[in-house]
Amino acid sequence: MNTFGSNLRIGRRGFLAGSAALVGLSQMPRAAQAQPQKGGTFRLSVNQGGTSDTLNPAEASGSQQIMVGWALRNNLTEIGSDNKLKPELAVSWASDDAQTWVFKLRPGVTFHNGKSLTPDDVIASLNLHRGEDSTSGAKSLLAGVDTLAAEGEDTVVITLSAPNADFPFILSDYHFQIMPVGNDGALDMSGTGTGGYILESWKPGVKTVLKRNPDYWKEGAAHFDEVELLLISDSSAATTALVTGEIDAVQSAEYKTLSLLGRDKNVEIESISGGFHPVFAMQSGQTPFNDNNVRLALKYGVDREALVKQVLRGHGTVANDHPVAPSMPFYDASLEQRAYDPDKAKFHLKEAGLDSLTVPLSVSDSLFAGAVDAVTLYREHAAPAGIDVQVVREPGDGYWSDVWMKKPFFTSSWGARPVPDMIFATAYSKGGDWNESQFSNDSFQQLMLAARSELDEAKRTQMYGDMQAILRDEGGSVIPFFRNFVYARRADVQHGEDVASNWSLDGYKAIERWWKS
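The text that follows walks through the structure, step by step, so that each part is easy to find. (Residues numbered from 1 in each chain as written. Predicted model: local features only at pLDDT ≥ 70, side-chain atom pairs only at ≥ 80, totals over all residues. Heavy atoms only, no water.)

**Description of the pairing of strand E10 (residues 207-212)**
Right, so step 1: Relative to E10, strand E9 (residues 197-203) is paired through 6 bridges, and the arrangement is antiparallel. By the bridge assignment, Leu199 is partnered in E10 with Leu210.
Right, so step 2: The antiparallel hairpin formed by E9 and E10 contains 3 residues in its connecting segment, where Gly205 sits at a positive phi of about 85°.
Right, so step 3: Bridge count between E10 and strand E11 (residues 226-231): 5 bridges; the pairing is antiparallel. Paired with Lys207 across the strands is Leu230, a residue of E11. (Pairing = 2+ DSSP bridges. Helix = DSSP H or I, 4+ residues; strand = E, 2+ residues; numbered from the N terminus.)

As structure tokens, then:
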């Protein structure tokens, strides 16, 4: 088991070197040993997306958009199959002070349309997520960027308003895909990229077809001749299609069918531990969730151990109402684990002036395998405390646009981030674009900004521990468990010895990394 740790080192001249930035996520790969082969069609089923999805990376949120985007395009940096930060379009990066970062671009890279990669493409692509008019879901991640400038034909210099030792990790986020910019300054968001696949057809919510890029710059990648990515929200239907050979892999295998799938010699199941977690998100600015006693009552009203055992069938671990998994750097193992306690839930209801509480909780099967089961069990757990959690089943199509951050109490799901600051800045900071629980805490905000620029590891560890405690005790998110990525593939679909655990399906890069034997 690997532990997720930051290995950024400061050398004799105080130089933070990108080649030394390592990260590891806990994983349990079932690796195939065959050598990569070119050819074949890879038919993959994902369960997150809708007909309104676009190819604009600023709007990406579900697996359909992320996987297609990463098949077509690249970032400056990426998390590899070994869960380490690696150069992608940036061949190297360095900083004297963690505030001014110099990124050298990989030479000889061209877009699908033949245009050479330049610093202008990088600057325009990152600026998509900056400024008052940006609607990007990752806007908050680049809020600390002061300037972006080209230096010669192969260098981009990014200056921050304050030091950030984690900045190279941030640029691996799926929003920050690099696209070509035209002479008029407009970005081409049609799907043209530097990635291993070229867009053949795009029917969001239905099917996307990709053809291999014969001129792909990355060695040992993009093995399939063609890829068909289908959106199948019904996990039972996806599993059936896998067993019958209609598709080659499914994003999420149903826990109920794992024993049956395990007996099929033509199917391989993988259970990869990481930081994926569901959230029962309360909009803390709205009644009754603006009372922290109500929030605590709902946190004490869930039996986490039971959910891991009954919903996940043991494929996960309990969580503590904050998003930092045990596999991540700065995880605070000393923080007391909140346990199921209906009496304490009743106590906090009484402190809020309530004898009982009725709250509708929205959920969709498309969020993850067992999502509706988890909410149904939550209802049973909360009932002895006088809390009626009403299960509201929502359709998968449109969930992220019509339910998420729209309803007062809803279920969401989050993948792991390589460092805590990325998830904190995105989902828990004041003004964060995806601050789904409307969380606002001055102490948390100050700690987050201070930890970002603190280069002393012991001090950063204490700060991140304090932030985890604040979220556990005052946040608007019930985070009951960290769920393994459990997915399945046909036995003739192979991958390398390492399997990334930052997202499902090898870090959402199975299209690029896997092959058929």
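So that's the structure; there's more coming.
**So, the side chain of Lys218**
Right, so step 1: Structurally, Lys218 can be placed in the loop between E10 and E11.
Right, so step 2: Among the residues examined, Lys218 registers a relative accessible area of 13% and is labelled buried.
Right, so step 3: Here Glu512 takes part through its side chain, which lies 2.8 Å from a polar atom of the side chain of Lys218. (Buried < 20%, exposed > 50% of the residue type's maximum accessible area, 1.4 Å probe, protein only. Polar contact = N/O pair within 3.5 Å; in protein donor to acceptor, adjacent residues only side chain to side chain.)

**Quick notes on unusual backbone geometry**
Across the chain, the bulk of peptide bonds are trans and the bulk of non-glycine residues have phi less than zero.
Right, so step 1: The residue after Thr287, namely Pro288, is reached through a cis peptide bond having omega 5°.
Right, so step 2: Residue placement: Pro288 occurs in the loop between strand E14 (277-282) and helix H6 (292-300).
Right, so step 3: Within the chain, Ala222 stands out as a residue other than glycine whose phi angle is a positive 60°.
Right, so step 4: Inspection of the secondary structure assignment puts Ala222 in the loop between E10 and E11.

**Remarks on the environment of Asp97**
Right, so step 1: Within the secondary structure, Asp97 sits in the loop between strand E5 (90-95) and strand E6 (100-105).
Right, so step 2: A residue is classified by how much of its surface remains accessible, and Asp97, at 35% relative accessible area, is partly exposed.
Right, so step 3: As for Asp97 and Gln251, which are separated by 154 residues in sequence, their C-alpha atoms are 41 Å apart.
Right, so step 4: Separated by 2.9 Å, the side chain of Asp97 and the backbone nitrogen of Gln99 make a polar contact.
Right, so step 5: Of note is the side chain of Asp97, whose polar atom sits 3.0 Å from the backbone nitrogen of Thr100.

**Points about the packing of aromatic side chains**
Right, so step 1: One pass over the structure, following the stated rule, counts 23 aromatic pairs.
Right, so step 2: Judged by centre distance (6.4 Å) and plane angle (90°), the ring pair of Phe424 and Tyr428 falls under edge-to-face. A single burial state applies to Phe424 and to Tyr428, both of which are buried.
Right, so step 3: Between Phe424 and Tyr464, the aromatic rings sit 6.1 Å apart at their centres with planes inclined by 35°, giving tilted as the arrangement. Residue Phe424 is located in helix H11 (residues 420-427), and its partner Tyr464 is located in helix H13 (residues 457-474); the two are separated by 40 residues in the primary sequence. Per residue, the accessibility class of Phe424 equals that of Tyr464, and both read buried.
Right, so step 4: It is Arg338 that lies over the ring of Tyr300; its NZ or CZ is 4.9 Å from the centre.
Right, so step 5: A cation over an aromatic ring shows up here: Arg483 above the ring of Phe276, its NZ or CZ 5.1 Å from the ring centre. (Phe/Tyr/Trp six-rings, centres within 6.5 Å; stacked < 30°, edge-to-face > 60°. Lys NZ or Arg CZ within 6 Å of the ring centre and 35° of its normal.)

**Brief notes about the pattern of salt bridges**
Right, so step 1: This structure, assessed with the given rule, holds 26 salt bridges.
Right, so step 2: Close ionic contact of Lys207 with Glu228 constitutes a salt bridge, the shortest N to O distance being 3.8 Å. Linking Lys207 in strand E10 with Glu228 in strand E11, this pair joins segments that are 21 residues apart in sequence.
Right, so step 3: Put simply, Asp321 and Arg338 hold a salt bridge, and the shortest N to O gap is 2.8 Å. One end of the pair, Asp321, is in the loop between strand E15 (316-318) and helix H8 (342-351); the other, Arg338, is in the loop between E15 and H8, with 17 residues separating them in the sequence. Exposure class is identical for Asp321 and Arg338. Each is buried.
Right, so step 4: One network of salt bridges, with partners in common, ties together Glu78, Glu88, Lys218, Asp506, Lys509, Glu512 and Arg513. (Salt bridge = Lys/Arg side-chain N within 4 Å of Asp/Glu carboxyl O.)

**Here we look at the sheet that holds E9**
Right, so step 1: Spatially, 7 strands are ordered E9-E10-E11-E2-E12-E21-E13 in an open sheet, and the strand pairing comes out mixed. The strands lining the two open edges of the sheet, one partner per strand, are E9 and strand E13 (267-272).
Right, so step 2: Relative to E9, helix H1 (residues 63-72) is tilted by about 150°, and along the sheet it contacts strand E2 (41-46), E9, E10 and E11. (Contact = heavy atoms within 4.5 Å. Axes fitted to C-alpha atoms, helices over the stretch in contact; angles between N-to-C directions.)

**Some words on the pairing of E11**
Right, so step 1: Among the 6 residues that make up E11, 5 are buried, leaving the element largely enclosed by the rest of the structure.
Right, so step 2: Direction of pairing for E2 relative to E11: parallel, over a ladder of 6 bridges. In the sheet register, Ser45 faces E11, and the bridge partner there is Leu230.

**Remarks on the packing of helix H12 (residues 442-453) against H13**
Right, so step 1: Interaxial distance between H12 and H13 falls to 9 Å at its minimum, and their mutual angle equals 155°. With respect to their mutual orientation, H12 and H13 come out roughly antiparallel. Once H12 is placed against H13, the crossing between them reads as left-handed. Counting all contacts with H12, which are made through Ser443, Phe444, Leu447, Met448, Ala450, Ala451 and Arg452, the residues of H13 involved are Arg460, Met463, Tyr464, Asp466, Met467, Ile470 and Leu471. (Parallel < 35°, antiparallel > 145°, perpendicular 65-115°, else oblique. Left-handed = near helix turned anticlockwise from the far one by under 90°.)

In short, geometric facts, not functional conclusions.
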